[in-house]
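Structural characterization, general
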Amino acid sequence: MAKPNSTTSLQVESIIFPPSAKPPGATNTLFLGGAGVRGLDIDGNFVKFSGIGVYLEYKAISSLAVKWKGKSVEELTDSVEFYRDIVTGKPETPFFINVNLIKKTPTLRNGTDTKNKLHNYKVKKTLLMVFYSLNLYII
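Residues numbered from 1 in each chain as written. Predicted model: local features only at pLDDT ≥ 70, side-chain atom pairs only at ≥ 80, totals over all residues. Heavy atoms only, no water.

**Concerning the pairing of strand 4 (residues 30-42)**
For clarity, the threshold we go by: By definition, two strands form a pair when at least two bridges between them are found by DSSP. For the purposes of this entry, the term helix denotes a DSSP run of H or I that reaches at least four residues, the term strand denotes a run of E that reaches at least two, and both are numbered from the N terminus.
Judged from the two bridges that link them, strand 3 (residues 20-21) and strand 4 form a sheet pairing that is antiparallel. Bridge assignment links A21 to a residue of strand 4, and that residue is L30. Here eleven bridges tie strand 4 to strand 5 (residues 45-56), and the two strands are oriented antiparallel to one another. The residue bridging L40 from the neighbouring strand is V47, located in strand 5. Hairpin connection, strand 4 to strand 5: the antiparallel pair is bridged by two residues, and D43 has positive phi, about 50°.

This is the structure:
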C-alpha cells in the first residue's frame, strides 16, 4: 500500500499539528491521522481545554481498512468504535498522541508556565490510565 500524502498541517483552534511527527526514541516517522479538541460542558457552555493530535504508523491504514472499508465519511466520523479502533490498534500499529493547551495561562515571572505543564501532564496521565484499562501498554 502506498504511503498517504501527509503534506498538510491541521489547525485546531490556535494549535497547528504538523503533517508528521517522529516521537522521542522512535525510528519511524508517523503521519497525522486526525486532531480535535477536548473540553467539558460547564453550565451549558462547552469549554475547550486541549487540542489533541493523533499520529499513526502507515501500516495502521491497512489494519483499519479490514474492518472499516466501504464506510462513508459520515459513518466513520460518527462512530466512537472507529476512533477506539484507531487508538487500540494492534501492537504492530503504534501511535503517538500530541497534547497541547488551547488557552494557556500567563507565563510566570520566572519564565516558566507551570500551570500549562501541569495540565499537559495530567491529560497525558489520564490518557495512559485509559490505555492501561484497555490493556494497551506504551513503551
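Let's pick the thread back up.
**Some thoughts on the packing of helix 1 (residues 59-68) against helix 3 (residues 80-87)**
What counts here: Fitted lines through C-alpha atoms serve as axes, helices being fitted only where they are in contact, and the angles separating the N-to-C directions of these axes extend from 0 to 180 degrees. Here roughly perpendicular refers to angles of 65 to 115 degrees, roughly parallel to angles under 35, roughly antiparallel to angles over 145, and oblique to all remaining angles. Handedness of a crossing is defined here by the sense of rotation of the near helix relative to the far one, left-handed for an anticlockwise turn of less than a right angle and right-handed for a clockwise turn. Throughout, a residue-residue contact means that at least one pair of heavy atoms, one from each residue, lies within 4.5 Å. Here the nonpolar group is Ala, Val, Leu, Ile, Met, Phe, Trp, Tyr, Cys and Pro; Asp, Glu, Lys and Arg are the charged ones; every other residue, Gly included, is treated as polar.
Contact pair helix 1 / helix 3: the axes reach a minimum separation of 10 Å and the direction vectors enclose 150°. The angle between helix 1 and helix 3 falls in the class roughly antiparallel. The crossing of helix 1 and helix 3 is right-handed. Contact residues: L64, K67 and W68 in helix 1; E81, F82, D85 and I86 in helix 3. Here the residues of the contact of helix 1 with helix 3 sort into four nonpolar, no polar and three charged.

**What about the packing of aromatic side chains?**
Keep this limit in mind: Whether two aromatic rings pair depends on their centres lying within 6.5 Å, for rings of Phe, Tyr and Trp, where Trp uses its six-membered ring; planes under 30 degrees apart make the pair stacked, over 60 edge-to-face, and the rest tilted. Type-normalised accessible area, obtained with a 1.4 Å probe on protein chains alone, sets the label of each residue: buried when under 20%, exposed when over 50%, and partly exposed for intermediate values.
Under the definition given, this model contains three aromatic pairs. Look at W68 and F82: their rings are 5.3 Å apart centre to centre, the planes differ by 75°, and that puts the pair in the edge-to-face class. Remark: F82 occurs in helix 3 and W68 occurs in helix 1; sequence separation between them is 14 residues. Grouping residues by exposure puts W68 and F82 together as buried. Residue classification places F82 among the buried positions, given a relative accessible area of 13%. Counting every residue linked through ring pairs, the aromatic cluster contains W68, F82 and Y83.

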